[in-house]
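# Structure assessment
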Amino acid sequence: LEGSPDANGNGIVVLDARNHYNFVKRIPTWDVPAARNPEQVAGVTASPELNMIYVAARGRLGAFDLSTERKAWEGVYDGNCDGKVDDLDSPNIVFVSGNVFVNGVGSNCQSASGGGATSGCHTGVLRMLDGRTGQEIWALDKASPTSIGFAGERGALGDVDGDGRMDILAVT
């Protein structure tokens, strides 16, 4: 918990699912001075295709390469534009809320058919919530007029175009 000593250390904990979730190792994330406590993690997502894990803490986002166990990039963000990254910044959350029912039939997104057929896996809504209040900041039901919605896959955040602002990546 934030503000309390972290007796378990700092970093990404790797557990062995095939061996009763035994501890394997800890991948270092951010350096924490001895006089401070580790930051509270607001969210984690991973990309098996890229072998990357993305960790969001208050005011910062980091991408870690799981093959090298090194930080690939990080960004520090001022959520309320007051010039400081602090507890006054709201921890916003971006996610796809899936609509897993198409014409009243449930879909588990494992049987999405090809050939242009509509899948329940691609009718989700991309949303941003205020992490402090739970209020919706915005919602986007499709990326373009020809899109049917967003896939219920993990999204990613990062400065993709190098303009210094956070970009949101989501599968349609």
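Here's a quick rundown of the structure. (Residues numbered from 1 in each chain as written. Predicted model: local features only at pLDDT ≥ 70, side-chain atom pairs only at ≥ 80, totals over all residues. Heavy atoms only, no water.)

### Side note on the sheet that holds strand β4 (residues 52–57)
With antiparallel pairing, four strands are arranged side by side in an open sheet as β3-β4-β5-β6. Strands with a single pairing partner mark the edges of an open sheet, and in this sheet they are β3 (41–47) and β6 (70–76). The average angle at which neighbouring strand axes cross in this sheet is 15 degrees, direction not considered. As paired elements, β3 and β4 share six bridges and run antiparallel to each other. When the bridges of β4 are listed, Ala46 appears paired with Ile53. (Pairing = 2+ DSSP bridges. Helix = DSSP H or I, 4+ residues; strand = E, 2+ residues; numbered from the N terminus. Axes fitted to C-alpha atoms, helices over the stretch in contact; angles between N-to-C directions.)

### Overview of the packing of aromatic side chains
Evaluated as defined, the whole model comprises two aromatic pairs. Centroid distance Trp30 to Phe64: 5.6 Å. Interplanar angle 80 degrees. Geometry classified as edge-to-face. Within this pair, whereas Trp30 is found in the loop between β2 (22–27) and β3, its partner Phe64 is found in strand β5 (residues 60–65), the two being separated by 34 residues in sequence. You'll find Trp30 and Phe64 in the same group, each marked buried. Seen in terms of ring centroids, Tyr54 and Trp73 are 6.2 Å apart; in terms of plane orientation they differ by 45 degrees. Their pairing is tilted. Of the two residues, Tyr54 is situated in strand β4 and Trp73 in strand β6; the sequence distance between them amounts to 19 residues. Judged by relative accessible area, which is 10%, Tyr54 ranks as buried. Judged by its relative accessible area of 30%, Trp73 is partly exposed. (Phe/Tyr/Trp six-rings, centres within 6.5 Å; stacked < 30°, edge-to-face > 60°. Buried < 20%, exposed > 50% of the residue type's maximum accessible area, 1.4 Å probe, protein only.)

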